[in-house]
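Each chain, written out:
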Amino acid sequence: MLRDAGMQVMNVAMVGDAYAIASNYLRLSGAMPEEFAPNERLVDIIVQLIHRGEFNKLRLANKAISMFEMAQHA
């Protein structure tokens, strides 16, 4: 039970770190507006990637950026 709670904490921190990296890039590139609230679509993309087994925060951020930009152009 404690191990599962630890994994959840790690995943929350990982989502936060990957989100910070990706959102910073996307805001600076103009692909995402400056907002106070987190972008739900970007958070969903990052969570989906974690569920698929990606646990490296830089790869998470890079894949999320690519997926976010592709969805905007579609």
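Please read all numbers here as calculations on a predicted model, not as lab measurements.

**Q** How would you explain the overall build of the protein if you had to name every residue and give the values?
**A** Tallying secondary structure elements over the protein gives 3 helices and 0 strands in all. The N-to-C order of helical and strand elements in the protein reads α-α-α. Intrachain contacts of the protein at a sequence separation of at least 6 include 53% that bridge at least 24 residues. On the protein, roughly 5,200 Å² of surface is accessible, and the fraction owed to carbon and sulfur atoms is 61%.

**Q** Break down the nonpolar core for me, with residues and values.
**A** Looking at soluble globular proteins, one finds that nonpolar side chains tend to be buried together. By size, the foremost hydrophobic cluster in this structure holds 18 residues, and its most contacted members are Leu-26, Leu-42, Ile-46 and Leu-60. When neighbours within four sequence positions are excluded, Leu-60 is seen to be in contact with Met-14, Ala-18, Ile-46, Leu-49, Ile-50 and Glu-54.

Here is what the cut-offs are and how they apply
Residues numbered from 1 in each chain as written. Predicted model: local features only at pLDDT ≥ 70, side-chain atom pairs only at ≥ 80, totals over all residues. Heavy atoms only, no water. Helix = DSSP H or I, 4+ residues; strand = E, 2+ residues; numbered from the N terminus. Contact = heavy atoms within 4.5 Å. Areas by Shrake-Rupley, 256 points an atom, 1.4 Å probe, with all protein chains shown as cover. Core = buried A, V, L, I, M, F, W, Y, C linked by side-chain atoms within 4.5 Å. Buried < 20%, exposed > 50% of the residue type's maximum accessible area, 1.4 Å probe, protein only.

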